[in-house]
Amino acid sequence: MEGLSLQHLTVATIALLVGVYFVRSRAASRGRRPPGPPGLPLLGNVLQVPGQHLATYFRGLCEEIS
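These numbers were taken from a predicted model, which means no experiment stands behind them. (Residues numbered from 1 in each chain as written. Predicted model: local features only at pLDDT ≥ 70, side-chain atom pairs only at ≥ 80, totals over all residues. Heavy atoms only, no water.)

K.L.:
Go over the packing of aromatic side chains with me, naming the residues and quoting the values.
P.N.:
For the coordinates displayed, the defined rule picks out two aromatic pairs. Relative to Phe58, the ring of Tyr57 lies with its centre 5.3 Å away and its plane at 70°, an arrangement referred to as edge-to-face. Take Tyr57: its relative accessible area is 29%, and that puts it in the partly exposed class. (Phe/Tyr/Trp six-rings, centres within 6.5 Å; stacked < 30°, edge-to-face > 60°. Buried < 20%, exposed > 50% of the residue type's maximum accessible area, 1.4 Å probe, protein only.)

Right under this line is the structure:
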């Protein structure tokens with residue numbers, strides 16, 4: 001691995017992640033997924049789930065769907 005430096009690997013990894021993000025965002029904009037709340041990149045909707053009383057929260061979601 002003498003030819004590859006840490007900087008090259010870092011740049012390549014970041015470029016790959018950005019490329020995957022843009023491909024996935026274009027696929028989502030074409031309507032392949034059902035509508036839902038907007039999420040943050042890499043985090044999704046994890047910040048919208050409460051930190052306490054998860055069972056009550058998810059039970060309410062199940063009752064809302066049925």
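K.L.:
Tell me about the UniProt feature "transmembrane region" (unreviewed entry) in the chain, and name the residues and values.
P.N.:
Feature annotation in UniProt places "transmembrane region" (unreviewed entry) on residues 6-23, given in this structure's numbering. In this annotation, residues 6-23 is assigned 100% helix and 0% strand; the end-to-end C-alpha distance for the span is 26 Å. (UniProt positions renumbered as here; feature names shortened; annotations may be inferred. Helix = DSSP H or I, 4+ residues; strand = E, 2+ residues; numbered from the N terminus.)

K.L.:
Explain a nonpolar patch on the surface residue by residue, including any values.
P.N.:
A surface patch of nonpolar side chains, about 390 Å² in accessible area, is lined by Ile14, Val18, Tyr21 and Phe22. Residue placement: Phe22 occurs in helix α1 (residues 6-29). A residue is classified by how much of its surface remains accessible, and Phe22, at 49% relative accessible area, is partly exposed. (Patch = residues over 30% accessible without salt bridge, like charges linked within 9 Å, V, L, I, M, F, W, Y side chains within 5 Å. Areas by Shrake-Rupley, 256 points an atom, 1.4 Å probe, with all protein chains shown as cover. Salt bridge = Lys/Arg side-chain N within 4 Å of Asp/Glu carboxyl O.)

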